[in-house]
Amino acid sequence: MARIPRNFRLLEELEKGEKGIGDGSCSYGLMDGDDIMMSNWNGTILGPGHTVHENRIYSLKIHCGEDYPDKPPTIHFLSRVNLPFVSHIDGKVDSTKLNVLSQWGRDSSIETTLVGIRREMATANNRKLLQPPEGSTF
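Residues numbered from 1 in each chain as written. Predicted model: local features only at pLDDT ≥ 70, side-chain atom pairs only at ≥ 80, totals over all residues. Heavy atoms only, no water.

What to know about the environment of serine 27
No. 1: You can see serine 27 is positioned in strand E1 (residues 26-30).
No. 2: Residues in contact with serine 27, not counting those within four places in the same chain, are Asn42, Gly43, Thr44 and Leu114. (Helix = DSSP H or I, 4+ residues; strand = E, 2+ residues; numbered from the N terminus. Contact = heavy atoms within 4.5 Å.)

This is the structure:
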């Protein structure tokens, strides 16, 4: 099977993100429309219901390196959050502690990553963790 080049793949993801395909709990798009390499993205996750995250909106920055989609993007929370896979210093997501990134494959995407993070927020271990004040940032 032919491998889709990086930029074609990112164009597909951009189109999907702009159309809002999915359940609406996560969104993403390019940080700068003039970024011809499509490397830097913004992401948003709506906190899952019935958790300490409910009614919160989390902002993230996503960087797709030259080896994307063979390697996962790097992700930083801009909104402060207390989760075991997020650095309390700079908001960086530790890919070794988050299944959706540690089990990355070429069929993974920005959307599957954001949905995976949101799903992890709702797990029994994370749904009741004390959180920083709403609106605080890294």
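What about a nonpolar patch on the surface?
No. 1: Together, Ile4, Phe8 and Leu11 make up a nonpolar patch on the protein surface, roughly 300 Å² of accessible area in all.
No. 2: Among the secondary structure elements, isoleucine 4 is positioned in the segment before helix H1 (6-19).
No. 3: Classification of isoleucine 4 as partly exposed rests on a relative accessible area of 40%. (Patch = residues over 30% accessible without salt bridge, like charges linked within 9 Å, V, L, I, M, F, W, Y side chains within 5 Å. Areas by Shrake-Rupley, 256 points an atom, 1.4 Å probe, with all protein chains shown as cover. Salt bridge = Lys/Arg side-chain N within 4 Å of Asp/Glu carboxyl O. Buried < 20%, exposed > 50% of the residue type's maximum accessible area, 1.4 Å probe, protein only.)

Some thoughts on the side chain of arginine 6
No. 1: Within the secondary structure layout, arginine 6 lies in helix H1.
No. 2: Looking at arginine 6, its side chain comes within polar contact range of the main-chain oxygen of cysteine 64, at 2.8 Å.
No. 3: Each residue touching arginine 6, except ones within four places of it in the same chain, is listed here: Met37, Met38, Ser39, Cys64, Gly65, Glu66, Tyr68 and Pro69. (Polar contact = N/O pair within 3.5 Å; in protein donor to acceptor, adjacent residues only side chain to side chain.)

A closer look at the pattern of salt bridges
No. 1: Within this structure, the stated rule accounts for 5 salt bridges.
No. 2: With a shortest N-O distance of 3.2 Å, glutamate 15 and lysine 19 are connected by a salt bridge. Residue glutamate 15 and its partner lysine 19 are located together in helix H1, separated by 4 residues, close to a single helical turn.
No. 3: Judged by its relative accessible area of 45%, glutamate 15 is partly exposed.
No. 4: A salt bridge links arginine 106 to aspartate 70, with the nearest nitrogen and oxygen atoms 2.6 Å apart. With arginine 106 in the loop between helix H2 (99-102) and helix H3 (110-121) and aspartate 70 in the loop between strand E3 (57-63) and strand E4 (74-77), the pair connects residues that are 36 residues apart, well separated along the chain.
No. 5: The class for arginine 106 is partly exposed, based on a relative accessible area of 27%.

Some thoughts on the packing of aromatic side chains
No. 1: Summed over the entire model, instances satisfying the criterion amount to 3 aromatic pairs.
No. 2: Summarising the aromatic geometry, the rings of tyrosine 28 and tryptophan 41 are spaced 6.2 Å apart at their centres and angled 45 degrees between planes, so their arrangement reads as tilted. Here the residue tyrosine 28 occupies a position in strand E1, and tryptophan 41 occupies one in strand E2 (residues 40-46), the gap between them amounting to 13 residues. The burial state of tyrosine 28 is the same as that of tryptophan 41; both residues are buried.
No. 3: Measuring from centroid to centroid gives 5.7 Å for tyrosine 68 and tryptophan 104, while their planes differ by 50 degrees, and the two rings are tilted. Placement of tyrosine 68 in the loop between E3 and E4 and of tryptophan 104 in the loop between H2 and H3 is noted, with a sequence separation of 36 residues between them. (Phe/Tyr/Trp six-rings, centres within 6.5 Å; stacked < 30°, edge-to-face > 60°.)

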